[in-house]
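# Survey of secondary and tertiary structure
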Amino acid sequence: MSTSCATLPSSVKLELFGSRTSARLHPHRSRCGLSRRHFAFKGIVAAGVSIFVPGYDVGLVPSCSGLEKLPFKPEGYNYWTWRDRKIHYVVEGEGFPIVLIHGFGASAFHWRYNIPILAKNYKVYALDLLGFGWSEKALIEYDALVWRDQVVDFMKEVVKEPAVLVGNSLGGFTALVAAASLQDQVKGVVLLNTAGQFGDASTATTESEQTALQKFVVKPLKEIFQRVVLGFLFWQAKQPSRIESVLKSVYINAANVDDYLIDSITRPADDPNAGEVYYRLMTRFMSNQRKYTLDSVLGQLSCPLLLVWGDLDPWVGPAKALRIKEFYPNTSLVNLQAGHCPHDEVPELVNKALLEWLPTVTSAPSLQPL
């Protein structure tokens, strides 16, 4: 696969949970809307959030070459069996648990600059969602609730105590739906340019009954066409040069678009099932996500929320973060001059935001173990 920032060619319109995006959008413009297009040409992308903390220098920062970095291991770190599937995760440090959840197409390695710093004060977990990274490329029908269940069970079986969930893009929405299910067992949620859109009753539609022509002729032909198109797009999207190009379009400062990052994206794409997983994500998964909205999930949330938002994200601008904060008042907001993946582009600033906010939620009275 690829990262949430590097899955599709820049000419392809992207949409995840109704978040309409394009690599050609003006970097300051927010796109929280939704466009209806044939989903053979749709991709998945995640939205982002950032935090403004008084005294922060939110200017662009240079390369992170001086930062401590998680060593890249081609074989991965740790593995957990979930529903007979192999799930990869990293765990470092001791203390209150923090669970990091990557975006579409990325992996635990996308938190390379965050894990070592956070692990000095906390026990940090970073897991690969099913179908991504070093986790199994399962041939299942993907749904937002699959990743929710994966995170919920990871909390119960591996973490085994209350924690804070941190997610970028698709991982942000996954963190939200998991926190809504776990309730008091999640002390706080951090969203970095999160996926998801607010519901719009005016766009609700009902499906009409399929005719025999649609069911037995049109639908099979459409699936064949989708497989051809998406097969080509997957082959193109996994090329290192294409990944580098797309990453540089969403990292405002591209200094960290390096061999480590590109390798962490291309290796999982070599899995024999990766192409089929990509097809299922782009079609069946994309076709049924409108029922999951930010307002419906936030309405079930009870813990503090931190938004760390890359305001220069060419896909999802700061207006979305402001709307989340307006809808869910128990929210802190940090705005950073960064793109779609602020945790990897400006990790010093993201780490500082996290380390200043985390004690406000982890110092509360302890909850019962899971």
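The protein is annotated in an unreviewed UniProt entry as Pheophytinase, chloroplastic from Sesamum angolense.

This part covers the nonpolar core. Core analysis: the largest hydrophobic core is formed by 68 residues, its most contacted members being V99 and V189. Filtering out sequence-adjacent residues up to four positions away, V189 remains in contact with L165, A175, L176, A179, L301, C303, P304, L305, L306 and W357.

Looking now at the environment of P359. Tracing the backbone shows P359 in helix α11 (residues 347-362). When the C-alpha positions of P359 and F96 are compared, they lie 9.9 Å apart, and in sequence the two are 263 residues distant. In this structure P359 touches Y122 and L354, once residues within four positions along its chain are discounted.

Estimates place the volume of the second largest pocket at around 170 Å³. Taken together, P74, Y79, K86, G133, W134, S135, E136, K137, R267, P268 and D271 form the lining of the second largest pocket. Partitioning the lining of the second largest pocket into residue classes produces 4 nonpolar, 2 polar and 5 charged.

The next subject is the confidence of the model for the protein. Taken over all residues, the pLDDT of the protein has a mean of 77, while the share at 70 or more is 68%. When the criterion is pLDDT under 50, residues 1-63 qualifies, and its contacts beyond four places in sequence or with other chains add up to 259 contacts. Counting contacts from residues 201-210, a segment whose pLDDT is below 50, to residues more than four positions away or on other chains yields 6 contacts.

Now for the pattern of salt bridges. Overall, the coordinates contain 10 salt bridges when judged by the stated rule. Residues R148 and D149 are paired through a salt bridge, measuring 2.9 Å at the closest nitrogen-oxygen approach. When the shortest N-O distance is used, the salt bridge between D263 and R267 registers 2.9 Å. Residue D263 and its partner R267 are located together in helix α6 (residues 259-269), separated by 4 residues, close to a single helical turn. Given a relative accessible area of 37%, R267 falls into the partly exposed group. Look at the salt bridges and you will find they share partners, linking R83, R148 and D149 into a network.

With 7 of 7 residues buried, strand β8 (residues 186-192) lies mostly within the body of the structure. When strand β7 (residues 163-168) meets β8, the two strands line up parallel, connected through 6 bridges. Along β8, the bridge assignment pairs V166 with V190. Between β7 and its parallel partner β8, the chain crosses via helix α3 (residues 170-182), and the hand of that crossover is right-handed. Pairing between β8 and strand β9 (residues 305-310): 3 bridges, direction parallel. When the bridges of β9 are listed, L191 appears paired with L307.

As enumerated under the stated definition, the model contains 14 aromatic pairs in all. Taking 4.9 Å as the distance between ring centres and 65° as the angle between the ring planes, the aromatic pair formed by F109 and W134 counts as edge-to-face. Highlighted residues: F109 in the loop between β5 (97-101) and α1 (115-118) and W134 in the loop between β6 (123-127) and α2 (144-159), separated in sequence by 25 residues. When its relative accessible area of 0% is taken as the criterion, F109 is described as buried. A cation sits over an aromatic face here: K86 above Y79, 4.4 Å from the ring centre.

Parameters and conventions
Each chain has its residues counted from 1, following the order in which its sequence is written. At least 70 in pLDDT is required for a residue's local features to be given in this predicted model, at least 80 for side-chain atom pairs to be given and counted, and no such filter applies to totals for whole chains, interfaces and linings, which use all residues. Hydrogen atoms and water are omitted, and side-chain values are computed over all heavy atoms in the structure. To form a nonpolar core, buried Ala, Val, Leu, Ile, Met, Phe, Trp, Tyr and Cys residues must be joined to one another through side-chain atoms within 4.5 Å. Throughout this description, buried means an accessible area under 20% of the type-specific maximum (1.4 Å probe, protein chains only), exposed means over 50%, and partly exposed covers the range between. Between two residues, a contact is recorded if the distance between any of their heavy atoms is within 4.5 Å. Each helix is a run of DSSP H or I of at least 4 residues and each strand a run of E of at least 2, with the numbering of both proceeding from the N terminus. Grid spacing is 1 Å over the protein atoms alone, the probe is 1.4 Å, and a cavity is where that probe fits but cannot get out, while a pocket is an open set with protein on both sides within 12 Å along at least five of seven lines and lining residues have an atom within 4 Å of a point. Grid points are joined across faces, edges and corners, and a volume is the space filled by probe spheres set on the points. In this count, Pro and Cys sit with the nonpolar residues alongside Ala, Val, Leu, Ile, Met, Phe, Trp and Tyr, while Asp, Glu, Lys and Arg are called charged and the others, Gly among them, polar. pLDDT is a per-residue confidence score from the predictor, ranging from 0 to 100. Salt bridges are identified by distance alone: a Lys or Arg side-chain nitrogen within 4 Å of an Asp or Glu carboxyl oxygen. Two strands are said to pair when DSSP picks up at least two bridges between them. If the strands point away from the viewer and the path from the first strand over the helix to the second runs clockwise, then the crossover is right-handed. The rule is short: rings of Phe, Tyr and Trp, with Trp giving its six-membered ring, pair when the centres are within 6.5 Å, and they are stacked under 30 degrees, edge-to-face over 60, tilted in between. Ring-over charges, as used throughout, are those where CZ of Arg or NZ of Lys falls within 6 Å of the ring centre and within 35 degrees of the ring normal.

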